[in-house]
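Next come the chains, spelled out residue by residue.
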Amino acid sequence: MDPSRRALIEHGIDAGTLFRVHNGNNVLEGVHPIDRGSFLEYHCPDAATLLKILDVQSPIHNLPVNDAIRTFYYRGHRDADWKLCPSVFRPDSSGHSATAMQTIDGVVEREIAFYCNFLEAVNAQGGFIEDEAFRELDKHRRNAELAEGFALKIEAGLHPSPDFPSAGQMRTLALAQHYNVPTRLLDWTSNPYTALFFATANIDVLNIKSDGDFGVWMIPKILFDAAAQFREFHIIDVSQFQNANIAAQRGCFTSRIPAVSKMLAGQATFPVAPEGGRFLHLDEFLTEDFGDELYNRIVREVTGKPMLLRLNSNEVDVCRKKLDQLGINWATLMPNLEGAAKEAARRDRMNHNF
């Protein structure tokens, strides 16, 4: 980052013009957090408390100037213990964890294979594919035709693309992520109730474990913005898409995996923990200062840590009533026939739960 920009940020912290996200004790609607190191965990006692925290009238949403509203990004997890880990790094169907892959190339090659298979299907349906994305698909096709092994792939220039994903490929990569293709991306929403819906949509109230919690992650946009300025971190905004589902869900995507070319050039590093080379989860990545004291001050004095709101699944009915009141369901979040069918199935399932 440019030294003048760093000086401006430091001055803003000192002068108090970069408004703190949290109050002094980090309490939300009477709930005191548990500091988990890289995030603050809030155990909400009931659905009413969770809904109060998510409501725009809760103090954490308000900026102390011109009645402005602070922007947060949210992500819902049916199981509150799930980590903020991109799908390409999660265990595959055989139980092997992608985080245990021996090389970065292995991760990239696996992701490109998923991505190109998605592009192949889109192309077969007559869908539009940008030029840069199609070039990657063409390389993947030729790669598949080679039987001589990895050395010949490199000789032919078909080694996993060092610049993947380029700016021209990011849109289709995000679309692939939206449709559950394993990628390096994580999807988010600026609507807390959309995240709450995805956290609760598949909870079966007849088979809830008494100790099972669902979770809603809540991260201030200013923390995402800080990470994007200080390190390899990208926010892919919904305005770049022409997709009704993503628009209805007020979605965006984040990426923190640098291109291989940048790592080879020493311009970026793979986000792994210092101990054992474990892949950093997003909350860890956002709060790790990597030796930069100014970034440490931003997290400590301005943005605070990511927040995880937990609630026992026994409270799910109250949340669903609120979502029904707001008209948040599959039909509104996926405004097409697939969404209508999913909503019909959800309502039938809910009817059998009572």
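What you see is a predicted model; the values in this text were computed from it and never measured.

A. The overall build of the protein chain, seen in detail. Within the protein chain, the regular secondary structure consists of 15 helices and 8 strands. For the protein chain, buried positions account for 47% of its 354 residues. Considering only intrachain contacts with a sequence separation of at least 6, the fraction spanning at least 24 residues in the protein chain is 69%. Total accessible area on the protein chain stands at roughly 17,300 Å², and carbon and sulfur atoms take up 51% of it.

B. The nonpolar core, seen in detail. Counting residues in each nonpolar core, the largest one holds 34 residues, and the members touching the most others are Leu50, Leu196, Phe214, Met218, Met307 and Leu309. Sorting the residues of this core by element identifies strand E2 (40-43), helix H2 (47-54), strand E3 (72-77), helix H7 (192-200), strand E5 (213-220), strand E8 (307-312), helix H13 (316-326) and helix H14 (330-333) as the ones contributing at least two each. In this view, Leu309 contacts Leu28, Tyr42, Cys44, Leu50, Ile53, Leu54, Phe214, Gly215, Val216 and Met218; residues no more than four positions away in its chain are not counted. Of all hydrophobic cores here, the second largest spans 30 residues; its members include Phe118, Ile129, Val181 and Phe253.

C. Fine view of unusual backbone geometry. Backbone torsion omega between Phe164 and Pro165 reads -10°, so that peptide bond is classified as cis. Within the element layout of this structure, Pro165 appears in the loop between helix H5 (150-155) and helix H6 (167-178). Despite not being glycine, Arg250 shows a phi value in the positive range, around 50°. Phi angles above zero are rare outside glycine, and Phe290 is one such case at about 50°.

D. How the structure looks around the pairing of E3. Counting buried residues in E3 gives 6 out of 6 residues, a clear majority hidden from the surface. Neither face of E3 is left uncovered, since the one carrying Phe72, Tyr74 and Gly76 and the one carrying Tyr73, Arg75 and His77 both have all their residues buried.

E. Summary view of the side chain of Arg310. Inspection of the secondary structure puts Arg310 in strand E8. A residue is classified by how much of its surface remains accessible, and Arg310, at 10% relative accessible area, is buried. Reaching out from Arg310, the side chain makes a polar contact with the side chain of Asp81 at a distance of 2.9 Å. Of the polar contacts made by the side chain of Arg310, one reaches the side chain of Asp213; its length is 3.1 Å. When sequence neighbours within four positions are dropped, the list of residues in contact with Arg310 reads Glu41, Tyr42, His43, Cys44, Ala80, Asp81, Asp213 and Phe214.

F. Spotlight on H6. Helix length check: H6, at 12 residues, gives a terminal C-alpha distance of 17 Å against a target of 16 Å (1.5 Å per residue), a fit within 8%. Within H6, 10 of the 12 residues are buried, which leaves it mostly tucked inside the rest of the structure. Turning to H6, its buried residues are Gly168, Gln169, Met170, Thr172, Leu173, Ala174, Leu175, Ala176, Gln177 and His178. The positive-phi residue at the C-terminal boundary of H6 is Asn180, with phi of around 70°.

G. Main features of the confidence of the model for the protein chain. Mean pLDDT for the protein chain: 86, with 86% of residues reaching 70 or above. Counting interchain partners and residues more than four positions distant, the pLDDT-below-50 stretch residues 98-102 has 10 contacts. Across residues 150-158, where pLDDT falls below 50, the model places 14 contacts with residues more than four positions away in sequence or in other chains.

H. The arrangement of H2 in detail. Across the 8 residues of H2, 6 count as buried, placing the element largely inside the fold. Every buried residue belonging to H2 is among Ala47, Thr49, Leu50, Leu51, Ile53 and Leu54, and all of these are buried. Its buried side turned inward, H2 meets E3, H7, E5, E8 and H13.

I. Inspection of the pairing of E2 at higher detail. When strand E1 (residues 34-35) meets E2, the two strands line up antiparallel, connected through 2 bridges. The residue bridging Ile34 from the neighbouring strand is Glu41, located in E2. Counting the residues in the hairpin turn of E1 and E2 gives 4 residues, including Gly37, whose phi is positive at 95°. In the sheet, E2 pairs with E8 via 4 bridges, with the strands oriented parallel.

The rules behind these values
Residues numbered from 1 in each chain as written. Predicted model: local features only at pLDDT ≥ 70, side-chain atom pairs only at ≥ 80, totals over all residues. Heavy atoms only, no water. Helix = DSSP H or I, 4+ residues; strand = E, 2+ residues; numbered from the N terminus. Buried < 20%, exposed > 50% of the residue type's maximum accessible area, 1.4 Å probe, protein only. Contact = heavy atoms within 4.5 Å. Areas by Shrake-Rupley, 256 points an atom, 1.4 Å probe, with all protein chains shown as cover. Core = buried A, V, L, I, M, F, W, Y, C linked by side-chain atoms within 4.5 Å. Polar contact = N/O pair within 3.5 Å; in protein donor to acceptor, adjacent residues only side chain to side chain. Expected span 1.5 Å × (residues − 1). pLDDT = per-residue confidence, 0-100. Pairing = 2+ DSSP bridges.

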